[in-house]
Amino acid sequence: MPAAPPSAAASADQPAAATARLARSNLLRLETAELLKESFLHVHPGGAGGGTSGLGDARAHYEAKWAPSARGYLHRVKEAIDGLGSATLGPEVALLPGGENGASGEARYRVPLVSDKFAKTLQSSNTHASKSANIEGGNPLTSWSFPFPGGSSLTLAPIGSFAHAGNAGLANKRANGNVLPVLDVAVLVDGSADGGEGAFVGGKDYLNHRYTDKRNLLAVHIAKQLSQKKHRSTIGAVHLTHVFGDARKVGLLLTPPLNDGEADSKQNKKKRKRDSKKDGKKGKNNKLRFRIRLDLRGAIDGSQLFSRRQRKRRRRIGRRRGRVLDPALPPPPRPKQQPLDKTARRIGRHAALHQRPRRGRPPPRHPPPHQQYPRHAARGGRPLWALQRGFLRGHDTFTTTTLAVLLAYLYRTKAIGKRMGSVQAFTTFMKFWGETDWLGEEGLEAGIAAASVGGKETLAAEEVREWKAKKKAGLVIPRGGAERCAQSRLYLDDLRGSAVGDGRPETLLECYKRAFASSATRSASIAAPSHSDAPVLLDPTMTLNYLARLSPSFVRESRSEAQWALKTIHGREGDERGAFRALFLETNRFWTRYDAYVRVPLAYVPRAAGKRHGKGSQGVWGRDADDIGFDESVRRGVVGVLVRALGDRAVAVRALTSGNGDVRVGEGDANGGEGGAAAAVGNSDQCHRVPVRGSASVGYAADATHRPPASPADTRDRAPSLAIGLRLAPAAARRLVDRGPPAEDARGAFAFVSLWGDDKAQLRRFRDGAIVRAAVWNEPAEGVVEFSGMERSMGGIAERIVRHVIGLHFVTNKRNEQEKQGQAKQVAFELRDVVSFIDGVAGPSPSPYSDSLALHKKAMAAFDSLADFLRRNTAMSADPSHKGKKSCPLGLPLSIDEVEPLAPCLRYSALFPPVPHPLLGGPATHDRKIAGANVGAPILIQIRFEGSARWPASLNAMAAAKCAMLARLAEGIERLKDERAGDAEGFDGPMDATPTYLDVGFRGYSFRIVVRADQELRMLRGLTNPTPEAKALRLSLIDRHVRGPMRHSLIRAVHARHPSASAVVRLAHRWVGSHMLSDMLPLEALELLVARVYTDPSPSAEDDRSRQSPTGAIEGPPATAAAGFLRWLRLLAGHDWARAPLVVDPQNHISSRDRRLIRAQFDAVRGPEFQRGPAMYIISPADYDGVEEMTGSVVGEGDEMAPPAGPADAVEKAWAPTVTARFPERVVLGRAVALARCSHDHLTKCLQSGKGANGWAAAFQESSSSLTSYSALLRVDSSYIVDSGCSSTNADCAIAAPARPGEKGLPANSPFERSMQMRCAGPKELRQKQYKNLVLAKDTLHEWQPVNALVKTLRSKYSDYAVFFYNQFSPEAGRVHAAALLGRRVEFQRPVAAQWKEDSLVVANTDDLMEEIGYLCRNVVSTFKVFDAKQPNDAPLQKRKRERKSSVNDDDDGSEGSGSGSEQE
């Protein structure tokens, strides 16, 4: 059957879509070109006219203005280094001032010293005096020292971006994470190959970290010499820093002085002072523009890296083939060869790399390949893209050199050509990095699952490693004219001369792939003692792996981001953000990428991996400590163990690294002197830095066993810790059981028990008859407060697993005991206590208010019962007593077809869900007093009757008919109650019928029933010339009866799909109320914003969070309430409300054509100045103008009153916001955006500092001093305040933890439980005493919200004159802010004298306005204080001058509202 031809709309839509894609592509190209032009810098080491750049005088205008200053500063540094004299260096060089800074009296050093020479020095004596004597050289047998020839043996050479001809990756401060550009310079140490007495490097310095200690001690010596007073005016500040997070590789960070090297004479000081005062700006010399980082690199002969036997063997092989090989070339690697000394793996003179060589191979001496690709490609946006995501300048992330090397490979392989533009080169790079299987993990999980099917044994660790080595990519940068390098030929020659079948790799590349592969997987049944996986990209000589530093977690995350970048470049429907903004402008670093964060204390990490506490913990991590270092082994071990433990519960696990700070800090640090300038590096890059001059805050213990692992990022914590980010899969995170391998799989069972421990991995019998070891997580963790909804909103099961494995493998028993006794901070998720605002404390005997989800479900169950009752008792049936006339038990003339929910508590959105009331049909209670009113609004529902022609034909008669229907319904329910019908047993309490609604009590809940009459909507729609009142009535009815149920079903579907979404809505509602914005940001608007967070139409939103792959989805919907709330704040604060609409479409109901129509209508409404229309422009599927046609409101066949609605008519319908059509106002939205930004920054700082347990509550409060920023304050009488715990200025945030076993204490509760108790108790004056033999009168109020009603009245009457702020949950005070539009009405205006300078003869009379407001509030407000009572002064000019002069001389009494405030009681 031939395919149907495309419709006319689809055919017309194709050219428009193609045009849009072309425009988007061209716009991205132009924006990227402009970005590169404005951001990237050019600083040539040898000058613009020559030197190493080789660009000639034609490139002089490309250089930065401060390039001559940088070269001059480097010249001064070189002169200072050349002037260093010879010296004998030893460990005393790095000793901190005072000698003993440790609490235990142990000597501490500026840098970590780990060599065997230093250890022997410490072991010579146990007393402090003998140690000092040995260090000073008193015992020549145990003291250690080495000669330093002087500054003449040192050479400075530019490296990295500074050395590149195009300065690839060098950017200015704004494009560099708000960090001043750092120019990398290598200090090359001239070592002697013969190892003589005067050589800096000689003998066996390649063993046991000796070279590392020598290099670090030399770095400290140079730093101390450069920081001397004679060099301060020319060198500036000197700090010791870690080169990309490696504590064993110490570098120098030099901050130039502000005077640019000029002498600090009195004339220069006066000149700088004049420049700083001139025009209120700093002078041109009073600004830092760059820094210098010195990286010490020694020269050691490559032949010294290998044993003498290996060197002789290489010479024999060479002579046998008729040639003599260079002994500096490394020998062929063997699969089972013991790893060489880790110090030797970092030795090298590669002039462009900051990376350590791996597997004992020295770097090549040829020019770096990344200096040979086109200049336009060097200026691509890859560094900025990586910088915005925290993928640059970390200990295991990209560097500018790494990116340049990858680009060089693409250029050498002709994947990137000379004619490619920057965007094309960027796209090619993203495709290359995102689609290459660098770790060999694609398909690994499926292979493991297939191997274990049918009771087979789990794959062995060596089998997993072979799988990875076979599947992973291994690349070699090609070199022109050479088919195979000499190193590969030597490996093949050695392989041919050895025995066959010994399991050696066939090629050298395969040997590299196996060397950089481990057995680490997500399976808990596969042992993984090592986590040294890394990509393989070799230089042309195949002696250096450029990507050896990259960790597996970083490779997975960066590949996912690269795939997301590709989708963003190609564009997606529904994504209003431009590709340029999403790729280069939006920051998404470590602290905004994950669902949960946990801190691992490093001070208690066991030093020996094989002698750890606990049973069965050997072989889980630490096997690679000798290969990658103990610090990096701990970092990768924590990540690897958590990946195995969490399994499919976690999509991604990542450790914090440097380069993930707040990019907005440090704006004023450029002029803040040396201390402020150095602080900017720490705040944004978070690199370790220690000042050389003065007392140092960081020291390293002399004994390596007492030294905790170094954190990769300097967060300025008192106790060192490692921050871990977890991206969770919500569906799998709630799984309670981890099942082990079959019983016959001894190898897998041992690995399973080693991971979980004997106490947790116990034998259990399952329903299928299998008896296997399993870990069950149904018990709460000890020593930490858990809340009722944490398994849904905060990944509670995942937190229990994390606490268990961290305490078992990475925390000593001493630390565990301190946690149990409350003496140490628990290992738990950060910001977890924010759930205490929406849930209660879980425990053995929880309170009835602890579980908010159970309260919501009870209310929904009551609604379902009520809906079933109404439908069943209004069904028409023949009545024999009335001659077969149809009737129903309730006596209504029409049957009820549908009962639709509208209340927030019926979609899990109520901050305080309703609780059954004993006087409204709820269960009886034993309390002495019962609330006489329902604090809050009744549960709103609507009923729809069957279609009939008996409805009246006028609006007034229609309203009367609806009122009669409600009255008849109340009478029918009362009749059934009197007849004691079984269906009516749930009704109790009063029934209040009004012209618009009916309030009834059913099963303890107060329900408010409204009638939806479709005939009324059809009647209003059919009016030819409707009046404004008729139009307003039609819009209000459509919004309540049609759009309301649509939004309800949309939001409830989002909450059902994402369990934590409802928690985020409730937190947002509490936040809005705490900041006095209640009802100004409607609850429906908050729900739509949260729905946007969870269903963002970004390229990653389509990825399923439950589907596990090596490259998990980037971001996607949040899995925890804390992460969702932070993203909600970021959306509210970051969206451009003036220039872009916000389309919320969770189920893809809005087509691309409709989106373009929405954008066009938004531009027309906003106008060229972006000042018109609703302040918050939110569009959902319910905001379509023809929504009543899509929901069955239009009369169907046979209705002559309904006009025809064809496709053409539907296309012309408009999209307009309905929820935010009136609120919030522009000034309110600006305030909400500013508050959201401040709250987000505060919570992020709590995450970064690890102090979120105490400081997070400040985001939900306002300071008392903020009250004076309003025009007036209305203090509500205390008798009207039911819940004082939700106060905006003094909120109750304490969490009462459950008592420990054997201890007595108060019941555990949370702020949510205490608020629920106060709200259920009701107002004190309306409480009823309950007696044993008396039945209380059923006169309970269905709604008691006096303050809300007062505010609604004030807003309806005075919205043109003032803006009213209040907190609906604890309305202890209301704020009034005078509005700017005071000239719309004339009720509160008076004439003004000639001195008034405005273009009007009248002015608002605020005295009458405030007096009338005070009169309306007299029964509710106890205090009315005016802070801002500005009035035009009609007095003569001379008199006003005298009054102003006298007021200036008077002293301020300091009272609140003094001077212009007034108070009324």
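As the structure is a prediction and not an experimental result, all values here were calculated from the model.

Counting secondary structure elements, the protein chain contains 43 helices and 36 strands. Looking at the protein chain alone, contacts between residues at least 24 apart form 76% of all its contacts between residues at least 6 apart. If you sum the accessible surface of the protein chain, you get close to 64,300 Å²; carbon and sulfur atoms cover 51% of it.

Counted according to the given criterion, the structure contains 41 salt bridges. For Arg-739, the salt bridge is made with Asp-768, and the minimal N-O distance between the two is 2.9 Å. Linking Arg-739 in strand S16 (residues 737-739) with Asp-768 in the loop between strand S17 (762-765) and strand S18 (771-776), this pair joins segments that are 29 residues apart in sequence. Salt-bridge contacts for Asp-868 lead to Arg-872; the nearest nitrogen and oxygen are separated by 2.8 Å. Taken as a pair, Asp-868 and Arg-872 lie in helix H28 (residues 852-873) at a separation of 4 residues, close to a single helical turn. The exposure class of Asp-868 is partly exposed, given its relative accessible area of 36%. Taken together, the shared-partner salt bridges in this structure form one network comprising Arg-389, Glu-557, Glu-561, Arg-593 and Arg-727.

A few words now on a negative patch on the surface. Residues Asp-1407, Asp-1408, Glu-1411 and Glu-1412 make up a contiguous surface patch of negative charge. Here Glu-1411 lies in helix H42 (residues 1406-1416).

The next point concerns the sheet that holds strand S23 (residues 939-945). The mixed open sheet is built from 5 strands, whose spatial order is S21-S23-S26-S25-S24. Because the sheet does not close on itself, it has two edges, and the strands there are strand S21 (896-901) and strand S24 (992-993). Along the sheet face, helix H31 (residues 1028-1057) touches S21, S23 and strand S26 (1005-1012) and points at about 130 degrees away from the line of S26.

Membership of the largest hydrophobic core comes to 84 residues, with the highest contact counts inside it found for Trp-1071, Trp-1128, Trp-1137, Ile-1178 and Phe-1260. Looking at this core, the elements that each hand over two or more residues are H31, helix H32 (1059-1074), helix H33 (1083-1094), helix H34 (1121-1134), helix H38 (1226-1249), helix H40 (1311-1321) and strand S31 (1362-1365). Discounting chain neighbours no more than four positions away, the residues touching Trp-1137 are Leu-1089, Leu-1131, Leu-1132, Leu-1142, Phe-1162, Arg-1166, Ala-1175, Met-1176, Tyr-1177, Ile-1178, Leu-1229 and Val-1233. Within the second largest apolar cluster, 55 residues are counted, among which are Ala-67, Tyr-109, Val-185 and Val-201.

Across the junction of Phe-1223 and Pro-1224, the peptide omega takes the value 0 degrees, indicating a cis bond. By secondary structure assignment, the location of Pro-1224 is in the loop between helix H37 (1207-1211) and H38. The phi dihedral of Lys-414 falls on the positive side, at around 65 degrees, and the residue is not glycine. With respect to the helices, strands and loops of the structure, Lys-414 is situated in the loop between helix H12 (400-412) and helix H13 (422-435). By relative accessible area, Lys-414 is classed as exposed at 74%. Although it is not a glycine, Met-1076 sits at a positive phi angle of roughly 60 degrees. Tracing the backbone shows Met-1076 in the loop between H32 and H33. By relative accessible area, which is 1% here, Met-1076 ends up buried.

A word on the packing of aromatic side chains. Applying the stated criterion to the full structure yields 38 aromatic pairs. Taken together, a centroid distance of 6.5 Å and an interplanar angle of 0 degrees make the contact between Tyr-512 and Phe-516 stacked. Both residues of the pair, Tyr-512 and Phe-516, count as buried. An angle of 80 degrees between the planes, with centres 6.2 Å apart, marks the rings of Trp-1256 and Phe-1260 as edge-to-face. Residue Phe-1260 is classed as buried on the basis of its relative accessible area, which comes to 1%. Every member of this aromatic cluster is reached through a ring pair, and the members are Trp-385, Phe-391, Phe-398, Tyr-409, Phe-426, Phe-432, Trp-433, Trp-438, Phe-554, Phe-580 and Phe-584. One residue, Arg-1070, lies across the ring of Phe-837, its end atom 3.9 Å from the ring centre.

The strands making up a sheet associate through backbone hydrogen bonding, with each pair oriented either parallel or antiparallel. An order of S16-S18-S17 is seen for the 3 strands of this open sheet, with the pairing classed as antiparallel. Strands at the two margins of the open sheet, each flanked by one partner only, are S16 and S17. The mean inter-strand angle of the sheet, taken between neighbouring strand axes irrespective of direction, is 50 degrees. Relative to S18, S17 runs antiparallel, the two being bridged by 4 bridges. Pairing of Leu-763 across the sheet is with Arg-773, part of S18.

H31 packs onto helix H30 (residues 1014-1021) with a crossing angle of 145 degrees between their chain directions and a minimal axis gap of 10 Å. In this structure, the crossing between H30 and H31 has a hand that is left-handed. Contact residues: H30 offers Glu-1016, Leu-1017, Leu-1020 and Arg-1021, while H31 offers Ala-1030, Leu-1033, Arg-1034, Leu-1037, Ile-1038 and Val-1042. Counted by class, the contact of H30 with H31 contains 7 nonpolar, no polar and 3 charged residues.

The next thing to look at is a positive patch on the surface. Taken together, the side chains of Arg-928, Lys-929, Lys-1324, Arg-1327 and Lys-1329 make up a positively charged region of the molecular surface. Tracing the backbone shows Lys-1329 in strand S30 (residues 1328-1329).

For the rest of this paragraph, the subject is helix H26 (residues 796-809). When the terminal C-alpha atoms of H26 are compared, their 20 Å separation across 14 residues agrees well with the 20 Å that a helix rising 1.5 Å per residue should span. Burial analysis of H26 places 13 of its 14 residues in the buried class, which makes it a mostly covered element.

Another point: helix H14 (residues 444-451). All buried positions along H14 are accounted for by Leu-444, Gly-447, Ile-448 and Ala-451. Projection of H14 onto a plane perpendicular to its axis shows the buried side chains occupying an angular sector of 100 degrees, all on one side. As for H14, its buried residues are in contact with helix H15 (461-471).

Our focus in this paragraph is the packing of H13 against helix H18 (residues 552-570). Viewed as axis vectors pointing N to C, H13 and H18 meet at an angle of 140 degrees, and their least axial separation amounts to 8 Å. Between H13 and H18, the angle is such that the two are oblique. As for the relative orientation of H13 and H18, their crossing is left-handed in sense. For the pair H13 and H18, contact is made by Phe-426, Thr-427, Met-430, Lys-431, Trp-433, Gly-434 and Glu-435 and by Ser-558, Arg-559, Ala-562, Gln-563, Ala-565, Leu-566 and Ile-569, respectively. Taken together, the residues that form the contact of H13 with H18 break down as 7 nonpolar, 4 polar and 3 charged.

All right, on to the pairing of strand S25 (residues 998-1002) then. Burial analysis of S25 places 5 of its 5 residues in the buried class, which makes it a mostly covered element. Neither face of S25 is exposed, since Leu-998, Val-1000 and Phe-1002 on one face and Asp-999 and Gly-1001 on the opposite face are all buried. Note: S24 against S25, 2 bridges, orientation antiparallel. Looking at S25, one finds that Asp-992 is bridged to Asp-999. Adjacent in sequence and paired antiparallel, S24 and S25 are bridged by 4 residues. Note: S25 against S26, 5 bridges, orientation antiparallel. Counterpart to Val-1000 in the pairing with S26 is Phe-1007. Once S25 ends, the chain turns through 2 residues before running back antiparallel as S26, passing Arg-1003 with a positive phi of about 55 degrees.

With that settled, consider the confidence of the model for the protein chain. Averaged over every residue, the pLDDT of the protein chain is 77; the share at 70 or more is 72%. Throughout residues 666-682 the model reports pLDDT below 50, and contacts reaching past four residues in sequence, or to other chains, amount to 38 contacts. Of the regions scoring below 50 in pLDDT, residues 1098-1113 engages in 44 contacts with residues more than four places distant in sequence or in other chains.

Cut-off values and rules
Residues numbered from 1 in each chain as written. Predicted model: local features only at pLDDT ≥ 70, side-chain atom pairs only at ≥ 80, totals over all residues. Heavy atoms only, no water. Helix = DSSP H or I, 4+ residues; strand = E, 2+ residues; numbered from the N terminus. Contact = heavy atoms within 4.5 Å. Areas by Shrake-Rupley, 256 points an atom, 1.4 Å probe, with all protein chains shown as cover. Salt bridge = Lys/Arg side-chain N within 4 Å of Asp/Glu carboxyl O. Buried < 20%, exposed > 50% of the residue type's maximum accessible area, 1.4 Å probe, protein only. Patch = residues over 30% accessible without salt bridge, like charges linked within 9 Å, V, L, I, M, F, W, Y side chains within 5 Å. Lys, Arg positive; Asp, Glu negative; His and termini not counted. Charge placed at Lys NZ, Arg CZ, Asp CG, Glu CD. Pairing = 2+ DSSP bridges. Axes fitted to C-alpha atoms, helices over the stretch in contact; angles between N-to-C directions. Core = buried A, V, L, I, M, F, W, Y, C linked by side-chain atoms within 4.5 Å. Phe/Tyr/Trp six-rings, centres within 6.5 Å; stacked < 30°, edge-to-face > 60°. Lys NZ or Arg CZ within 6 Å of the ring centre and 35° of its normal. Left-handed = near helix turned anticlockwise from the far one by under 90°. Nonpolar A, V, L, I, M, F, W, Y, C, P; charged D, E, K, R; others polar. Expected span 1.5 Å × (residues − 1). Arc of directions from axis to C-beta. Parallel < 35°, antiparallel > 145°, perpendicular 65-115°, else oblique. pLDDT = per-residue confidence, 0-100.

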